[in-house]
Protein chains: 2
Amino acid sequence: MSRSTTVERILDSAELLFAEHGFAETSLRAITSDAKVNLAAVNYHFGSKKELIQAVFGRFLDPFMAGLDQSLENLSSDSKMMEVEEVLELLVNHILAVKPRRPNDIAIFMRLMGLAYTQNQGHLKRFLTESYGATLARYFEKLYGSCPGLPVSDMYWRSYFILGSAIFAMSGSEALLAIAKRDHGIDDDIEAIMRRMVPFMAAGLRAHATYDEGHS
Amino acid sequence: MSRSTTVERILDSAELLFAEHGFAETSLRAITSDAKVNLAAVNYHFGSKKELIQAVFGRFLDPFMAGLDQSLENLSSDSKMMEVEEVLELLVNHILAVKPRRPNDIAIFMRLMGLAYTQNQGHLKRFLTESYGATLARYFEKLYGSCPGLPVSDMYWRSYFILGSAIFAMSGSEALLAIAKRDHGIDDDIEAIMRRMVPFMAAGLRAHATYDEGHS
DNA sequence: AAGTGTTTCAAACCTACGTTTGAAAACTGC
DNA sequence: GCAGTTTTCAAACGTAGGTTTGAAACACTT
């Protein structure tokens, strides 16, 4: 039994500590001591710290992306146009449906996604685009489809704008939620933030084009 | 002459390397070797790496924030309501007006801002809110004022959404601009991205409230 | 019970880093 | 041109990190 437990203990601790402090700032010693396993276990089971980082992402992104891909598959059969809100909510619902391994798991999930983009771990970006790029491209294709008439240039940038909104707000969510409550009496949780994102992003995507591409 | 040149050479190199690789990932040896100064110079002139990081931010944020504060001051005299777009453009114009110390300086500027939020350097966040929190609060007050009728809860989160959009898109701008050109034939520059943000953010801020706070 | 492969463990290795030191060099004011 | 201050420099210090090692402990088959 203690065979795979070591691996999972390491992944659990690494996931949490990475989310809290970042990759470079989290030492293998901190992880193994939190996980109550020997220091050498990481290199034995994962090979290196880099591969551990990738394993942490793989563990929750594999099922998540597979599920998302399945939903996109089902949708593509009936190809009637979807509203922007529907496409956005598809993703929100998928994220909220992540079965929590521990309380506050979605926050950790999102924080890791944020770190993946903001910490410059080249190997991680390569790993993520290689593993999940196709599914993400498919999702954004659907999103494009829900914004007919919008120039690709605006669509391109706006998809990064919404990505930034989501990652930024989510990855700082613990702190931001606390401030919201303390200073403004706003009693939200992670789910509430994600619900609030939808109308904001939908309206942003629907905004008039910045300027007509080939304005005559 | 070489008195203050050492300090500036260090700041120049640090600014660039921090923006490229992050704080923890940039060693003092990398900085001093790039700046062609002695390793000990950083500790001599700045005291520590932490203080160097703060100095890098201070050098461009001091004049920037002073200018922004001045503009807000001028505006507050005539207190007629401003449109959302005007408030957003005020900031965009201030950013674009940063006099570039080198080509691509705005990208570096924005990338550093992104790092300030995403890397967990407690001392830096403390330094930034202490030094510039008042001005920023003033700006967001103006932004709130341009969205009458929007519940504070939505306003609160949406201000983080736009912050995330800006920081995310800008801090990855070099890479994203290259992809835009290569894969989509979009020939934008930093200024174009910032201009594209305005209608997106304005529409997002104007979107209907997520749900009425005390819906009867 | 012996043998084989797997997993754990304490210890060490080696590198990279931030910082300190003490002397040399450069600069300043007189 | 000299005393005093400031700045530069090469070298070293101490620490913390990722990784490796070789033996011990364990598990599983026959």
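Going by the structure above, here's the rest.
Attention here is on the structure that accompanies the text. Because the structure is a prediction, the values reported are computed rather than measured. (Residues numbered from 1 in each chain as written. Chains lettered and ligands numbered in written order. Predicted model: local features only at pLDDT ≥ 70, side-chain atom pairs only at ≥ 80, totals over all residues. Heavy atoms only, no water.)

**A closer look at the interface of chain B and chain A**
Taken residue by residue, the interface counts 49 residues in chain B and 48 residues in chain A. In total, about 4100 Å² of surface goes out of reach between chain B and chain A, with carbon and sulfur atoms giving 70% of it. If you sort the residues of chain B by the area they bury against chain A, B:Trp157, B:Arg196 and B:Phe200 come out on top, with a joint share of 20%. Where chain B touches chain A, the interface holds two salt bridges. Note that A:Asp154 is salt-bridged to B:Arg196, the shortest N-O span being 3.1 Å. Linking chain B to chain A there are 13 residue pairs in polar contact (both at pLDDT 80 or more). When contributions to the side of chain B that touches chain A are tallied by element, the ones reaching two or more residues are α1 (2–21), α6 (105–118), α8 (152–171), α9 (173–184) and α10 (190–206) of chain B. Grouping the constituent residues of the side of chain B that touches chain A by class yields 28 nonpolar, twelve polar and nine charged. (Contact = heavy atoms within 4.5 Å. Buried area = accessible area lost by both parts, 1.4 Å probe. Salt bridge = Lys/Arg side-chain N within 4 Å of Asp/Glu carboxyl O. Polar contact = N/O pair within 3.5 Å; in protein donor to acceptor, adjacent residues only side chain to side chain. Helix = DSSP H or I, 4+ residues; strand = E, 2+ residues; numbered from the N terminus. Nonpolar A, V, L, I, M, F, W, Y, C, P; charged D, E, K, R; others polar.)

**Comments concerning the pattern of salt bridges**
All names here are of chain A. By the definition in use, this model includes 29 salt bridges over all chains. Here Arg-196 makes a salt bridge to Asp-188, at a shortest N to O gap of 2.7 Å. One exposure class covers both Arg-196 and Asp-188, and it is buried. Bridged by salt links that share partners, the residues Asp-12, Glu-15, Arg-59, Arg-101, Arg-102 and Asp-105 form one connected network. (Buried < 20%, exposed > 50% of the residue type's maximum accessible area, 1.4 Å probe, protein only.)

**Examining the protein's contact with DNA strand D**
By nearness alone, 17 residues border DNA strand D, and A:Leu28, A:Arg29, A:Lys49, B:Thr6 and B:His45 come closest of all. Here A:Arg29 contributes a side-chain N or O atom positioned 2.6 Å from a base nitrogen of DNA strand D. One of the side-chain N or O atoms of A:Lys49 is found 2.6 Å from a phosphate oxygen in DNA strand D. Listing elements by their share of the surface near DNA strand D, those giving two or more residues are α2 (28–35) and α3 (40–46) of chain A together with α1 and α3 (40–46) of chain B. Tallied by class, the residues present in the surface near DNA strand D amount to five nonpolar, eight polar and four charged. (Near = heavy atom within 4 Å.)

**Remarks on the packing of helix α8 (residues 152–171) of chain A against α8(B)**
Between two packed helices, the angle of one axis relative to the other and the distance separating the axes together describe the packing. At their nearest, the axes of α8(A) and α8(B) sit 7 Å apart, and the two run at 115° to each other. Along this stretch, α8(A) crosses α8(B), giving a crossing that reads as right-handed. In contact with A:Tyr160, A:Phe161, A:Leu163, A:Gly164, A:Ser165, A:Ile167, A:Phe168 and A:Ala169 of α8(A), α8(B) contributes B:Tyr160, B:Phe161, B:Leu163, B:Gly164, B:Ser165, B:Ile167, B:Phe168 and B:Ala169. Residue classes in the contact of α8(A) with α8(B) are distributed as twelve nonpolar, four polar and no charged. (Axes fitted to C-alpha atoms, helices over the stretch in contact; angles between N-to-C directions. Left-handed = near helix turned anticlockwise from the far one by under 90°.)

**Observations regarding helix α4 (residues 49–77) of chain B**
For α4(B), built from 29 residues, the straight-helix expectation of 42 Å at 1.5 Å per residue is met to within 8% by its first-to-last C-alpha distance of 42 Å. In α4(B), a bend of some 35° at B:Leu61 exceeds every other bend along the element, and B:Pro63, a proline, comes one to four places later. (Expected span 1.5 Å × (residues − 1). Bend = angle between axes of the 7 residues up to and from the residue.)

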